[in-house]
Amino acid sequence: MTESDYRCPSCGAPLSIKFRYSKLINCQHCNSDVILEDEALKLRGKSSVMAEYPSLLQLGLPFVHKKAEYYPVGRVRYQYSHGYWDEWWVLDNKGEGAWLSVDEGDMALEQAIELKQPILFPELKLGQHIEIDGTHWLITEHDTAECIGLEGELPELIQVGEQMSYAHLSASKNRLLTLEMTTRGLLAYEGQWLDPFEISMEQGAQT
Ligand SMILES: [Zn+2]
């Protein structure tokens, strides 16, 4: 599969697909959302254009964190009670994906995980201590959010207007667990908070 194999079913522009497990591609040319299923493309409609704010990260512009290189290929924006945050879908140099969430100065890098034990999400409360899969977690944030924009290619069929409830949980050693109750079920992601000052753009790239 090469980049030129796919063209937008709406406008015919080439769709550059970097991640082999991508399920959704937002055409940069006409803003159509294109679903990739069994190597066939289906048009889902158009997303509204995402407002651009100054951002260190840019689609297609690699960055380095602790000597590891990441390549942002997609972005989802969520609105919540304190404003908005962006979830960047980034690939590492092995082609594995991770979510980098950026909420003003707060950055966290997380990967999807499968929880071994069932979670009753509606019963979770802010400030609650909870044992999950042998780790002691504290619920530090509990809120609802709505997807208000997306661009690039994504590993999940996220839709603008989609609502979710989520919780951030913290554990020792800077560990972070995010639980999202979405229309696609309960999703779990684990990772760490990052120090934004440890992120640098690739040598030679414009900053
Ligand atoms: Zn298009």
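Cut-offs applied
- Residues numbered from 1 in each chain as written.
- Predicted model: local features only at pLDDT ≥ 70, side-chain atom pairs only at ≥ 80, totals over all residues.
- Domains from an automatic or database assignment.
- Contact = placed C-beta atoms within 7 Å.
- Helix = DSSP H or I, 4+ residues; strand = E, 2+ residues; numbered from the N terminus.
- Core = buried A, V, L, I, M, F, W, Y, C linked by C-beta atoms within 7 Å.
- Buried ≥ 20, exposed ≤ 12 C-beta atoms within 10 Å, placed from the backbone.
- Pairing = 2+ DSSP bridges.
- pLDDT = per-residue confidence, 0-100.

### Considerations on the domain arrangement of the protein
Logical step 1: By the assigned domains, the protein splits into domain 1 (3–46) and domain 2 (70–201).
Logical step 2: Relative to domain 2, the C-alpha centre of domain 1 lies at a distance of 25 Å.
Logical step 3: Taken residue by residue, the interface counts 10 residues in domain 1 and 12 residues in domain 2.
Logical step 4: Take the side of domain 1 that touches domain 2: its biggest share by element is three residues, from strand S1 (residues 24–26).

### Notes on the nonpolar core
Logical step 1: Counting residues in hydrophobic clusters, the biggest one holds 31 residues, and the most contacted among them are Leu-15, Trp-89, Leu-100 and Leu-154.
Logical step 2: When residues of this core are traced back to their parent elements, those giving at least two are S1, strand S5 (68–80), strand S6 (83–92), strand S7 (97–103), strand S8 (106–113), strand S10 (135–154), strand S11 (163–171) and strand S12 (175–182).
Logical step 3: A total of four residues in this core trace back to one element, the largest contributor, which is S5.
Logical step 4: Mapping this core onto the domain boundaries places at least three of its residues in each of domain 1 (3–46) and domain 2 (70–201).
Logical step 5: Ignoring anything within four residues of it in the chain, the contact list for Leu-154 reads Ser-22, Lys-23, Leu-24, Gly-74, Val-76 and Trp-89.

### Some remarks on the pairing of strand S3 (residues 40–46)
Each regular strand carries side chains that alternate between the two faces of the sheet.
Logical step 1: With six bridges connecting them, strand S2 (residues 32–37) and S3 associate as antiparallel partners. Looking at the pairing, Ile-35 lines up with Lys-42 of S3.
Logical step 2: In this structure, the hairpin formed by S2 and S3 is closed by a connection of two residues, where Asp-38 is found at a positive phi of approximately 50°.

### Side note on unusual backbone geometry
Logical step 1: Although it is not a glycine, Asp-38 sits at a positive phi angle of roughly 50°.
Logical step 2: Tracing the chain through its elements places Asp-38 in the loop between S2 and S3.
Logical step 3: Here Asp-38 falls in the exposed class, since 4 other C-beta atoms lie within 10 Å of it.
Logical step 4: For Glu-39, which is not glycine, the phi torsion reads 65° and is therefore positive.
Logical step 5: Structurally, Glu-39 can be placed in the loop between S2 and S3.

### Observations concerning the environment of Phe-63
Logical step 1: In this structure, Phe-63 sits in strand S4 (residues 63–65).
Logical step 2: In this structure Phe-63 comes out as buried when scored by C-beta crowding, with 21 C-beta atoms within 10 Å.
Logical step 3: Put simply, Phe-63 and Ser-200 are 137 residues apart on the chain and 5.7 Å apart in space, counted from C-alpha to C-alpha.
Logical step 4: Those residues within four positions of Phe-63 in sequence are excluded, and the remaining contacts are Leu-57, Tyr-70, Ile-199, Ser-200, Met-201 and Glu-202.

### Digging into the pairing of S12
Logical step 1: Two elements, S11 and S12, share seven bridges in a ladder whose sense is antiparallel. When the bridges of S12 are listed, Ala-167 appears paired with Leu-179.
Logical step 2: Here S11 hands over to S12 after three residues, with Lys-173 in that stretch at a positive phi of 60°.
Logical step 3: Here S12 runs beside strand S13 (residues 185–194); their pairing, made up of eight bridges, is antiparallel. Looking across to S13, one finds that Leu-177 is bridged to Glu-190.
Logical step 4: What sits between the antiparallel neighbours S12 and S13 is a turn of two residues.

### Structural notes on the confidence of the model for the protein
Logical step 1: Per-residue confidence for the protein gives a mean pLDDT of 90, with 96% of residues at or over 70.
Logical step 2: By mean pLDDT, the top-scoring element of the protein is S11 (97), and the lowest-scoring one is strand S14 (residues 199–201) (88).

### Section: the environment of Thr-178
Logical step 1: By secondary structure assignment, the location of Thr-178 is in strand S12.
Logical step 2: Spatially, the C-alpha atom of Thr-178 lies 8.3 Å from that of Glu-110, the residues being 68 residues apart in sequence.
Logical step 3: Non-local contacts of Thr-178, meaning those with residues more than four positions away in its chain, are made with Glu-110, Tyr-166, His-168 and Tyr-189.

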